[in-house]
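Residue strings, one per chain:
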Amino acid sequence: MSQLLQQLVLGLLLGGVYVSVALGFSLVWGILNIVNLAHGAFVIIGAYITWVLFSRLGVDPFLSLPVDALVLFALGYGLQRGLINRVIRAPLLFTFLLTFGINLVIVSLLLLIFSPDFRSVTPRYSGSGLSLGSVTIPYIGLARLGIAMLLALVLWFVLNRTRIGAGIQAVGADRDAAQLVGIDLRHVYALTFAIGAAFAGVAGGLIGLQQSITPTAGDPFTLQSFAVVILGGLGRVSATIAGGLLFGLIQVLGLNAPGLGAGYSNAIAFAVLVVVLAFRPQGLLGRLA
Amino acid sequence: MTQRFRPPATALRRLFVGGAAIALVYVVLAPLSSTDAGQQLGLPFLTDRLWFRVATTVAMFVVLASAWNIIGGLTGYASFGNVAFFGLGAYTTGVLVSLRQWPFGLALLLAPVVPALFALVIGIPLLRLHGHYFAVASLGVGVAVGEVVNNLQPLGASTGLFLPIVRSNLLFFYLMLAAAALAVLVTWVILHTRFGYGLLAIRENEEAAAVIGVNTTFYKVAALMIAAALTGLAGGIFAQWNTFINQENVFPIEYNVEMILMAVLGGAGTLLGPVAGAVTLELVILRLAGGGAAAAYSQIGLGVLLAVTVIFLPRGVIDFFGGQSRLSLWALRRSLRETSV
């Protein structure tokens with residue numbers, strides 16, 4: 001019983017990671033209609049920035065999160081403005097291939113710069129946790145979940161309470177009408193993509209605290225983000241939160257189920273995806289497109 | 001969208017077809033010069049045995065790209081899971097030959113069957129999805145099948161499977177070449193039958209196709225099964241040719257991206273576009289390939305090639321030979337204007 005409770009806690013905390021990773025992915029997909037296959041690479045760039053700041057300058061990983069966000073914001077803006085905007089009206093396959101190409105270039109560059117060695121960010125307080133009876137809640141996991149919720153709140157606020165957010169939502173609802181009322185499409189597209197990338201960067205900073213960092217470690221996050229968005233539903237911040245937490249629970253319970261193991265994490269993600277797509281294509285909380 | 005009529009570039013087209021015919025004859029005959037008899041006669045083609053690896057690999061990608069073209073180019077369903085069919089075909093042959101001691105020829109007959117049945121099972125739910133949903137769900141299939149195989153002890157798990165070595169480069173080259181010819185032939189037949197028109201109708205407008213009486217589910221699943229069978233056949237040949245298979249060499253998601261890129265680069269939805277794309281691109285990739293830092297640079301090169309292709313040549317190279325566009329700055333600019341904001 002207490003073991004199950006512990007797993008539930010760990011699942012929710014892991015869900016926090018998925019929420020933070022999937023927020024940006026969901027935004028870019030919902031507004032730009034781009035499934036960004038380079039999302040996992042953005043996450044890992046964030047992780048590497050945090051690692052460099054931590055290991056070279058001794059910066060606390062949580063303090064480096066704003067740096068991750070800023071660097072990836074700039075990168076995302078440039079990529080969308082310079083490359084992706086050029087194929088945004090082309091069939092889906094083309095943005096798909098383009099972002100895959102970007103992913104390939106980023107991962108290879110990381111490989112050249114940082115080598116394929118495993119890196120990890122281990123501050124003093126990693127490993128300590130809060131004991132409640134027989135259940136232990138790791139501090140870092142708790143902080144990650146908190147930051148994920150904070151990110152979700154920021155995204156919700158930006159989208160629903162600011163002028164920029166109104167512009168982004170308008171573009172997502174009807175590109176041509178938005179352009180008619182004077183919205184600069186190129187800028188808003190680039191801005192949306194940049195926000196998505198910045199969120200990925202922060203998620204990456206958090207992920208460095210949980211697992212080792214390698215240039216290719218980001219790839220699973222792209223598929224997992226997709227599963228989270230499908231699970232929760234597209235087009236709402238609250239749906240991403242629900243999807244992420246639920247996905248974390250499914251992962252932890254699935255990996256601890258008899259007969260399965262760590263080798264099956266992608267297979268579990270995919271099985272969830274297919275079941276949801278087959279029975280509830282709009283996700284748990286999503287709106288029908 | 002209105003398209004002005006422009007006479008096809010016949011001279012270029014003739015040059016292209018002529019060149020391709022000569023290249024084809026060379027490719028078919030050259031291997032003979034490496035046999036012992038050929039060496040003694042001093043046949044003048046080419047005697048480098050290393051060349052087989054290159055040629056066989058190129059032929060393999062012709063199969064993969066043409067097969068992808070059937071589901072991705074003709075039917076319009078961008079499958080990122082075709083590599084699962086390749087892996088399943090390879091493992092079918094691998095398991096039968098190495099664990100059940102079947103003769104290779106017999107095992108190869110089953111290599112297309114298992115992936116096709118798998119395509120039937122996953123195709124019915126997956127092909128109800130559209131656009132991104134289908135693309136990523138199929139990507140999930142590609143990744144997940146490889147992962148499951150990698151964890152199954154009876155299939156050798158992460159150690160992989162070893163097949164008894166068959167020393168005959170000629171055999172594998174001609175097998176792969178035959179598979180490539182079969183893939184092109186199947187595409188040709190599809191393009192010239194009612195079935196093919198149904199697929200094209202689905203690609204252009206699925207609801208309209210259903211209204212005029214195309215059984216869309218049947219057509220789509222059948223197209224996926226055909227693609228799976230061809231891809232699995234290539235996988236089966238690869239397994240015996242390479243004599244060693246594991247998750248890494250028969251389920252690499254890069255193969256899937258390469259086959260798509262080849263089809264798109266050459267011209268998705270055309271008969272020979274994927275062939276042209278596969279030959280060109282695979283030669284470039286093999287040229288760039290290497291270990292260590294060289295591998296990273298070749299990946300960067302592939303990524304840049306993807307970006308350039310997608311941005312500047314969305315209709316593929318084959319479009320310039322007898323298609324509607326000519327290879328000119330003007331055509332490139334026009335395609336950019338059509339797709340950008």
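Refer to the structure presented above.
Here goes a summary of the coordinates provided. This is a predicted model, so every value here is computed, not measured. (Residues numbered from 1 in each chain as written. Chains lettered and ligands numbered in written order. Predicted model: local features only at pLDDT ≥ 70, side-chain atom pairs only at ≥ 80, totals over all residues. Heavy atoms only, no water.)

1. Here's the deal with the overall build of chain B
Thinking step 1. When you go through chain B residue by residue, the secondary structure sums to 16 helices and two strands.
Thinking step 2. Relative to its full complement of 341 residues, chain B shows a buried share of 52%.
Thinking step 3. Expressed as a percentage of contacts within chain B between residues at least 6 apart in sequence, the contacts between residues at least 24 apart total 75%.
Thinking step 4. Accessible surface, chain B as shown: approximately 15500 Å² in total, 67% of it carbon and sulfur. (Helix = DSSP H or I, 4+ residues; strand = E, 2+ residues; numbered from the N terminus. Buried < 20%, exposed > 50% of the residue type's maximum accessible area, 1.4 Å probe, protein only. Contact = heavy atoms within 4.5 Å. Areas by Shrake-Rupley, 256 points an atom, 1.4 Å probe, with all protein chains shown as cover.)

2. What about the overall build of chain A?
Thinking step 1. Helix and strand content of chain A: 11 helices and two strands.
Thinking step 2. Shown N-terminal to C-terminal, the secondary structure of chain A runs as helices and strands in the order α-α-α-α-β-β-α-α-α-α-α-α-α.
Thinking step 3. A buried classification covers 57% of the 289 residues belonging to chain A.
Thinking step 4. Pairs at least 24 apart in sequence give 77% of the contacts found in chain A among residues at least 6 apart.
Thinking step 5. When the accessible area of chain A is evaluated, it comes to approximately 11700 Å², of which 67% is carbon and sulfur surface.

3. Looking at unusual backbone geometry
All names here are of chain A.
Thinking step 1. Positive phi outside glycine occurs at Asn33, with the angle close to 60°.
Thinking step 2. Position of Asn33 among the secondary structure elements: in the loop between α1 (2-32) and α2 (39-57).
Thinking step 3. Given the relative accessible area of 41%, Asn33 is considered partly exposed.

4. Comments concerning helix α4 (residues 82-99) of chain B
Residues and elements named next belong to chain B.
Thinking step 1. The terminal C-alpha atoms of α4, which comprises 18 residues, lie 25 Å apart, in line with the 26 Å expected from a rise of 1.5 Å per residue.
Thinking step 2. Where burial is concerned, most of α4 is hidden: 17 out of the 18 residues are buried.
Thinking step 3. Just downstream of α4, Gln101 is the residue with a positive phi angle, here 55°. (Expected span 1.5 Å × (residues − 1).)

5. Overview of the environment of Val188(A)
Residue and element names in this part refer to chain A.
Thinking step 1. Considering the arrangement of structural elements, one finds Val188 in helix α8 (residues 185-207).
Thinking step 2. Through-space distance from the C-alpha of Val188 to that of Gly172 is 10.0 Å; in sequence the pair is 16 residues apart.
Thinking step 3. In this structure, Val188 is in contact with Gly167, Ile168, Val171 and Ile183, ignoring residues within four places of it in sequence.

6. Focus on the packing of helix α4 (residues 92-114) of chain A against helix α13 (residues 253-266) of chain B
Thinking step 1. Following both chains from N to C, one finds α4(A) and α13(B) inclined at 125°, their axes separated by 12 Å at the closest point. Taken together, the axes of α4(A) and α13(B) are oblique relative to one another. In this structure, α4(A) crosses over α13(B), and the sense of that crossing is left-handed. From α4(A), Leu93(A), Phe94(A), Leu97(A) and Phe100(A) reach across to α13(B), where they touch Val257(B), Ile260(B) and Val264(B). (Axes fitted to C-alpha atoms, helices over the stretch in contact; angles between N-to-C directions. Parallel < 35°, antiparallel > 145°, perpendicular 65-115°, else oblique. Left-handed = near helix turned anticlockwise from the far one by under 90°.)

7. Focus on the packing of aromatic side chains
Residues and elements named next belong to chain B.
Thinking step 1. Scanning all chains against the criterion turns up 22 aromatic pairs over all chains.
Thinking step 2. Considering the side-chain rings of Tyr77 and Phe134, the 5.2 Å spacing of their centres and the 90° angle between planes classify their relative orientation as edge-to-face. One end of the pair, Tyr77, is in the loop between α3 (50-74) and α4; the other, Phe134, is in helix α7 (residues 131-151), and 57 residues separate them in sequence. For the pair Tyr77 and Phe134, a shared accessibility class is recorded, and that class is buried.
Thinking step 3. What links up through ring pairs into an aromatic cluster is the set Phe61, Phe86, Phe238, Trp241 and Tyr255.
Thinking step 4. Here the guanidinium or amino end of Arg53 rests over the ring plane of Trp241, the centre of that ring lying 4.6 Å away. (Phe/Tyr/Trp six-rings, centres within 6.5 Å; stacked < 30°, edge-to-face > 60°. Lys NZ or Arg CZ within 6 Å of the ring centre and 35° of its normal.)

8. Overview of the nonpolar core
Thinking step 1. Core analysis: the biggest nonpolar cluster contains 194 residues, and Phe42(A), Tyr91(B) and Ile245(B) have the highest contact counts within it.
Thinking step 2. Ranked by the residues each element gives to this core, the list is headed by helix α11 (residues 216-242) of chain B, at 14 residues.
Thinking step 3. Excluding residues that lie within four positions of it along the chain, Phe42(A) makes contacts with Asn36(A), Leu72(A), Leu75(A), Leu79(A), Ile106(A), Phe193(A), Ala197(A), Ala200(A) and Gly201(A).
Thinking step 4. Counting residues in hydrophobic clusters, the runner-up holds five residues, among them Leu13(A), Val135(A), Ile137(A) and Leu145(A). (Core = buried A, V, L, I, M, F, W, Y, C linked by side-chain atoms within 4.5 Å.)

9. A look at the interface of chain B and chain A
When the parts of a complex come together, some accessible area is lost, and that lost area is often taken as the interface size.
Thinking step 1. Counting residues at the interface gives 41 residues for chain B and 42 residues for chain A.
Thinking step 2. Counting the surface chain B buries against chain A, the share from its top three residues, His132(B), Tyr133(B) and Val341(B), is 21%.
Thinking step 3. Linking chain B with chain A are zero salt bridges, by the criterion used here.
Thinking step 4. For the pair chain B and chain A, the number of links is zero residue pairs in polar contact (both at pLDDT 80 or more).
Thinking step 5. Elements with a minimum of two residues in the side of chain B that touches chain A: α7, α13, α15 (293-312) and α16 (329-339) of chain B.
Thinking step 6. The biggest single contributor to the side of chain B that touches chain A is α7(B), with 13 residues.
Thinking step 7. Here the side of chain B that touches chain A is composed, by residue class, of 30 nonpolar, eight polar and three charged. (Buried area = accessible area lost by both parts, 1.4 Å probe. Salt bridge = Lys/Arg side-chain N within 4 Å of Asp/Glu carboxyl O. Polar contact = N/O pair within 3.5 Å; in protein donor to acceptor, adjacent residues only side chain to side chain. Nonpolar A, V, L, I, M, F, W, Y, C, P; charged D, E, K, R; others polar.)

10. As for the environment of Ser168(B)
Thinking step 1. Here Ser168(B) shows up in the loop between β1 (161-162) and α8 (169-191).
Thinking step 2. Sequence separation of Ser168(B) and Trp241(B) is 73 residues, and the distance between their C-alpha atoms is 8.7 Å.

11. A few points about the pattern of salt bridges
All names here are of chain B.
Thinking step 1. Tallied over the full model, the rule gives three salt bridges over all chains.
Thinking step 2. When the shortest N-O distance is used, the salt bridge between Glu206 and Lys220 registers 2.6 Å. Placement of Glu206 in helix α10 (residues 206-211) and of Lys220 in helix α11 is noted, with a sequence separation of 14 residues between them.

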